[in-house]
Amino acid sequence: MLYIATTNKHKFERLEIMIKQAFHKLEIKGIHDKHIKEPIENGDNEVENALIKAEYYYSVLRENVLVEDNGIYFNGLGKDKQPGSKFKDIMPGMSVPAKLRYWTNFLEENKVKAGYIKYVFVLAINGEYFKEKLEVPFSVSITNNDISSDENILNNFMIPRGSEISFANMTELELSRYRSANILPTIKNLIELYISNI
(Lines give C-alpha, C1' and ligand atoms only; values in the text may rest on other atoms or scores of the structure.)
Protein backbone atom coordinates (compact mmCIF):
# COMPACT_ATOMS: atom_id res chain seq x y z
CA MET A 1 0.00 0.00 0.00
CA LEU A 2 1.23 3.46 -0.92
CA TYR A 3 -0.19 6.80 0.18
CA ILE A 4 -0.19 9.72 -2.21
CA ALA A 5 0.25 12.43 0.40
CA THR A 6 -1.52 15.53 -0.84
CA THR A 7 -4.62 17.41 0.27
CA ASN A 8 -5.12 18.58 -3.31
CA LYS A 9 -7.84 16.27 -4.63
CA HIS A 10 -7.01 16.98 -8.29
CA LYS A 11 -3.32 16.30 -7.78
CA PHE A 12 -4.16 13.03 -6.02
CA GLU A 13 -6.40 11.94 -8.90
CA ARG A 14 -3.77 12.83 -11.51
CA LEU A 15 -1.04 10.89 -9.72
CA GLU A 16 -3.29 7.92 -8.97
CA ILE A 17 -4.34 7.61 -12.62
CA MET A 18 -0.71 7.76 -13.81
CA ILE A 19 0.50 5.18 -11.30
CA LYS A 20 -2.39 2.83 -12.02
CA GLN A 21 -1.53 2.96 -15.73
CA ALA A 22 1.74 1.20 -15.03
CA PHE A 23 1.04 -0.64 -11.77
CA HIS A 24 -2.50 -2.00 -11.91
CA LYS A 25 -2.30 -4.10 -8.76
CA LEU A 26 -0.66 -1.53 -6.52
CA GLU A 27 -2.97 -0.35 -3.73
CA ILE A 28 -3.09 3.45 -3.70
CA LYS A 29 -4.63 5.50 -0.91
CA GLY A 30 -5.18 9.20 -0.34
CA ILE A 31 -5.23 11.23 2.85
CA HIS A 32 -8.46 13.16 2.31
CA ASP A 33 -10.33 11.28 5.04
CA LYS A 34 -7.45 11.42 7.53
CA HIS A 35 -8.03 15.04 8.62
CA ILE A 36 -4.29 15.63 8.75
CA LYS A 37 -3.09 19.19 9.18
CA GLU A 38 -0.93 20.32 6.26
CA PRO A 39 2.76 20.94 6.90
CA ILE A 40 4.25 24.42 6.61
CA GLU A 41 6.08 24.46 3.28
CA ASN A 42 8.76 27.00 4.13
CA GLY A 43 11.52 25.63 1.95
CA ASP A 44 13.39 27.85 -0.48
CA ASN A 45 12.46 25.71 -3.46
CA GLU A 46 10.40 22.75 -4.60
CA VAL A 47 13.08 20.22 -3.57
CA GLU A 48 13.07 21.41 0.03
CA ASN A 49 9.26 21.60 0.11
CA ALA A 50 8.91 18.06 -1.23
CA LEU A 51 11.26 16.75 1.44
CA ILE A 52 9.39 18.69 4.14
CA LYS A 53 6.13 17.09 3.03
CA ALA A 54 7.59 13.59 2.74
CA GLU A 55 9.13 13.70 6.20
CA TYR A 56 6.00 15.18 7.73
CA TYR A 57 3.46 12.81 6.20
CA TYR A 58 5.61 9.76 6.87
CA SER A 59 5.97 10.76 10.52
CA VAL A 60 2.20 11.22 10.85
CA LEU A 61 1.01 8.19 8.89
CA ARG A 62 3.89 5.79 9.63
CA GLU A 63 3.20 4.43 6.17
CA ASN A 64 5.07 4.67 2.87
CA VAL A 65 4.21 7.90 1.07
CA LEU A 66 4.76 9.61 -2.26
CA VAL A 67 4.75 13.41 -2.46
CA GLU A 68 5.20 15.86 -5.32
CA ASP A 69 6.12 19.51 -5.58
CA ASN A 70 6.94 21.70 -8.55
CA GLY A 71 8.18 25.08 -9.62
CA ILE A 72 8.06 27.23 -12.75
CA TYR A 73 11.21 28.74 -14.23
CA PHE A 74 11.67 31.05 -17.20
CA ASN A 75 14.75 30.95 -19.39
CA GLY A 76 17.01 33.98 -19.19
CA LEU A 77 15.73 35.38 -15.89
CA GLY A 78 17.78 35.82 -12.73
CA LYS A 79 16.98 33.89 -9.57
CA ASP A 80 15.26 36.89 -7.97
CA LYS A 81 12.70 37.06 -10.80
CA GLN A 82 11.86 33.38 -11.05
CA PRO A 83 8.39 32.31 -9.89
CA GLY A 84 9.87 28.97 -8.77
CA SER A 85 7.84 27.07 -6.19
CA LYS A 86 6.13 30.27 -5.01
CA PHE A 87 4.23 30.92 -8.23
CA LYS A 88 0.81 30.29 -6.65
CA ASP A 89 1.54 32.65 -3.77
CA ILE A 90 2.17 35.71 -5.93
CA MET A 91 -0.57 38.34 -5.56
CA PRO A 92 -2.62 36.40 -2.97
CA GLY A 93 -6.24 37.48 -2.75
CA MET A 94 -6.21 39.16 -6.14
CA SER A 95 -8.86 38.39 -8.72
CA VAL A 96 -8.15 36.10 -11.66
CA PRO A 97 -8.27 39.00 -14.19
CA ALA A 98 -5.77 40.95 -12.04
CA LYS A 99 -3.41 37.99 -11.93
CA LEU A 100 -3.79 37.55 -15.69
CA ARG A 101 -2.81 41.20 -16.23
CA TYR A 102 0.12 40.86 -13.83
CA TRP A 103 1.60 37.87 -15.63
CA THR A 104 0.93 39.33 -19.08
CA ASN A 105 2.92 42.44 -18.12
CA PHE A 106 5.64 40.37 -16.44
CA LEU A 107 6.16 38.14 -19.48
CA GLU A 108 6.12 41.08 -21.90
CA GLU A 109 8.49 43.25 -19.87
CA ASN A 110 10.98 40.42 -19.42
CA LYS A 111 10.62 39.19 -23.01
CA VAL A 112 10.04 35.64 -21.81
CA LYS A 113 9.85 33.09 -24.61
CA ALA A 114 10.32 29.74 -22.88
CA GLY A 115 10.91 27.98 -19.61
CA TYR A 116 10.45 24.70 -17.81
CA ILE A 117 8.48 23.08 -15.02
CA LYS A 118 10.66 21.42 -12.40
CA TYR A 119 8.91 18.46 -10.80
CA VAL A 120 10.22 16.84 -7.64
CA PHE A 121 8.93 13.51 -6.36
CA VAL A 122 9.96 12.10 -3.00
CA LEU A 123 9.16 8.57 -1.89
CA ALA A 124 9.40 7.70 1.81
CA ILE A 125 9.94 3.98 2.39
CA ASN A 126 10.44 2.71 5.92
CA GLY A 127 11.97 6.00 7.00
CA GLU A 128 14.28 6.36 3.99
CA TYR A 129 13.74 9.07 1.40
CA PHE A 130 14.26 8.67 -2.34
CA LYS A 131 14.09 11.65 -4.68
CA GLU A 132 13.60 12.09 -8.42
CA LYS A 133 13.70 15.41 -10.29
CA LEU A 134 12.40 16.21 -13.72
CA GLU A 135 12.47 19.32 -15.91
CA VAL A 136 9.85 19.61 -18.66
CA PRO A 137 10.24 22.50 -21.11
CA PHE A 138 7.50 24.74 -22.46
CA SER A 139 7.24 27.77 -24.73
CA VAL A 140 5.44 30.98 -23.78
CA SER A 141 2.69 32.83 -25.63
CA ILE A 142 1.08 36.02 -24.38
CA THR A 143 -1.54 36.12 -27.13
CA ASN A 144 -3.88 33.75 -25.29
CA ASN A 145 -6.46 35.75 -23.35
CA ASP A 146 -8.61 32.84 -22.23
CA ILE A 147 -8.92 32.63 -18.47
CA SER A 148 -8.17 29.25 -17.02
CA SER A 149 -10.23 27.81 -14.20
CA ASP A 150 -7.04 26.14 -13.03
CA GLU A 151 -5.49 27.49 -9.83
CA ASN A 152 -2.30 28.19 -11.78
CA ILE A 153 -2.99 31.24 -13.95
CA LEU A 154 0.32 30.70 -15.77
CA ASN A 155 -1.26 27.73 -17.52
CA ASN A 156 -2.80 30.31 -19.86
CA PHE A 157 0.65 31.23 -21.19
CA MET A 158 2.58 27.95 -21.07
CA ILE A 159 2.55 25.75 -24.17
CA PRO A 160 3.93 22.26 -23.52
CA ARG A 161 6.48 20.64 -25.75
CA GLY A 162 4.86 19.06 -28.80
CA SER A 163 1.66 21.11 -28.52
CA GLU A 164 0.35 24.27 -30.15
CA ILE A 165 -2.05 25.22 -27.37
CA SER A 166 -1.60 26.19 -23.74
CA PHE A 167 -2.14 23.92 -20.77
CA ALA A 168 -5.32 25.87 -20.02
CA ASN A 169 -6.82 24.98 -23.40
CA MET A 170 -5.88 21.30 -23.45
CA THR A 171 -8.59 18.70 -23.01
CA GLU A 172 -8.35 16.22 -20.14
CA LEU A 173 -7.32 13.55 -22.66
CA GLU A 174 -4.52 15.76 -24.02
CA LEU A 175 -3.34 16.51 -20.49
CA SER A 176 -3.38 12.82 -19.65
CA ARG A 177 -1.23 12.02 -22.69
CA TYR A 178 1.16 14.83 -21.76
CA ARG A 179 1.57 13.49 -18.22
CA SER A 180 2.02 9.91 -19.42
CA ALA A 181 4.72 10.94 -21.88
CA ASN A 182 6.59 13.43 -19.72
CA ILE A 183 5.99 12.63 -16.05
CA LEU A 184 5.06 8.95 -15.73
CA PRO A 185 8.55 7.56 -16.55
CA THR A 186 10.04 9.43 -13.58
CA ILE A 187 7.29 8.23 -11.24
CA LYS A 188 7.77 4.67 -12.51
CA ASN A 189 11.40 4.76 -11.40
CA LEU A 190 10.33 5.53 -7.85
CA ILE A 191 7.46 3.05 -7.77
CA GLU A 192 9.73 0.27 -9.01
CA LEU A 193 12.08 1.15 -6.20
CA TYR A 194 9.15 1.03 -3.80
CA ILE A 195 8.08 -2.41 -5.01
CA SER A 196 11.61 -3.77 -4.66
CA ASN A 197 11.74 -2.56 -1.04
CA ILE A 198 8.47 -4.00 0.26
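Scroll up a little and you will see the structure.
The sections below set out a description of the structure shown in this document. (Residues numbered from 1 in each chain as written. Predicted model: local features only at pLDDT ≥ 70, side-chain atom pairs only at ≥ 80, totals over all residues. Heavy atoms only, no water.)

## Quick look at the overall build of the protein
For step 1, the next point in the chain: Scanning the protein from terminus to terminus reveals five helices and six strands.
For step 2, the next point in the chain: Along the chain direction, N to C, the helices and strands of the protein fall in the order β-α-β-α-β-α-β-β-β-α-α.
For step 3, the next point in the chain: When its C-alpha atoms are laid out on the principal axes, the protein stretches across 50 × 30 × 30 Å.
For step 4, the next point in the chain: In the protein, buried positions account for 47% of the 198 residues.
For step 5, the next point in the chain: Taking the intrachain contacts of the protein between residues at least 6 apart in sequence as the baseline, contacts between residues at least 24 apart amount to 60%.
For step 6, the next point in the chain: Element-wise, carbon and sulfur atoms account for 48% of the exposed surface of the protein, whose accessible area totals about 10,700 Å².
For step 7, the next point in the chain: Of note, the protein has its 25 positive side-chain charges centred 0 Å away from the centre of its 27 negative side-chain charges. (Helix = DSSP H or I, 4+ residues; strand = E, 2+ residues; numbered from the N terminus. Buried < 20%, exposed > 50% of the residue type's maximum accessible area, 1.4 Å probe, protein only. Contact = heavy atoms within 4.5 Å. Areas by Shrake-Rupley, 256 points an atom, 1.4 Å probe, with all protein chains shown as cover. Lys, Arg positive; Asp, Glu negative; His and termini not counted. Charge placed at Lys NZ, Arg CZ, Asp CG, Glu CD.)

## Concerning helix H2 (residues 46-61)
For step 1, the next point in the chain: The first and last C-alpha atoms of H2 sit 22 Å apart over 16 residues, in line with the 22 Å expected at 1.5 Å per residue.
For step 2, the next point in the chain: Burial in H2 covers these residues: Glu46, Val47, Asn49, Ala50, Lys53, Ala54, Tyr57, Tyr58 and Leu61. The buried residues of H2 occupy one face: seen down the axis, they fall within an arc of 165 degrees.
For step 3, the next point in the chain: The inward-facing, buried residues of H2 contact strand E1 (2-4), helix H1 (9-22), strand E3 (65-74), strand E4 (114-125) and strand E5 (128-140).
For step 4, the next point in the chain: Of the residues that open H2, the one with a side-chain oxygen 3.0 Å from the backbone nitrogen of Val47 is Asn45.
For step 5, the next point in the chain: Among the residues trailing H2, Arg62 stands out with phi positive, at a value near 55 degrees. (Expected span 1.5 Å × (residues − 1). Arc of directions from axis to C-beta. Polar contact = N/O pair within 3.5 Å; in protein donor to acceptor, adjacent residues only side chain to side chain.)

## With respect to the packing of H1 against helix H5 (residues 184-196)
For step 1, the next point in the chain: Where H1 meets H5, the axes come as close as 10 Å, and the angle between the chain directions of the two elements is 70 degrees. By the angle between their axes, H1 is roughly perpendicular relative to H5. The two elements H1 and H5 cross, and the hand of that crossing is right-handed. Facing Leu15, Met18, Ile19, Gln21 and Ala22 of H1, the residues of H5 in contact are Leu184, Ile187, Lys188 and Ile191.
For step 2, the next point in the chain: For the contact of H1 with H5, the residue count by class is seven nonpolar, one polar and one charged. (Axes fitted to C-alpha atoms, helices over the stretch in contact; angles between N-to-C directions. Parallel < 35°, antiparallel > 145°, perpendicular 65-115°, else oblique. Left-handed = near helix turned anticlockwise from the far one by under 90°. Nonpolar A, V, L, I, M, F, W, Y, C, P; charged D, E, K, R; others polar.)

## Here we look at the nonpolar core
Note that soluble globular proteins tend to have their nonpolar side chains buried in a common cluster.
For step 1, the next point in the chain: Core analysis: the biggest nonpolar cluster contains 42 residues, and Ile19 and Phe74 have the highest contact counts within it.
For step 2, the next point in the chain: If you list the elements that add at least two residues to this core, you get E1, H1, E3, helix H3 (96-109), E4, E5, helix H4 (172-182) and H5.
For step 3, the next point in the chain: Formed by 15 residues, the second largest nonpolar core is a distinct cluster that contains Tyr3, Ala5, Val47 and Val122. (Core = buried A, V, L, I, M, F, W, Y, C linked by side-chain atoms within 4.5 Å.)

## Quick look at the sheet that holds E3
For step 1, the next point in the chain: The six strands are arranged E2-E1-E3-E4-E5-E6 in an open sheet whose pairing can be described as mixed. Only two strands of the sheet have a single partner each, and these edge strands are strand E2 (28-29) and strand E6 (158-160).
For step 2, the next point in the chain: In the packing of H4 onto the sheet, contacts are made with E4, E5 and E6, and the angle to E5 comes to roughly 125 degrees. (Pairing = 2+ DSSP bridges.)

## Structural notes on unusual backbone geometry
If a residue is not glycine, its phi is most likely negative; likewise, a peptide bond is most likely trans.
For step 1, the next point in the chain: Backbone geometry at Arg62 places phi at a positive 55 degrees, although glycine is not the residue there.
For step 2, the next point in the chain: For Lys111, which is not glycine, the phi dihedral falls at a positive 50 degrees.

Purely geometric stuff here, so don't read any function into it on its own.
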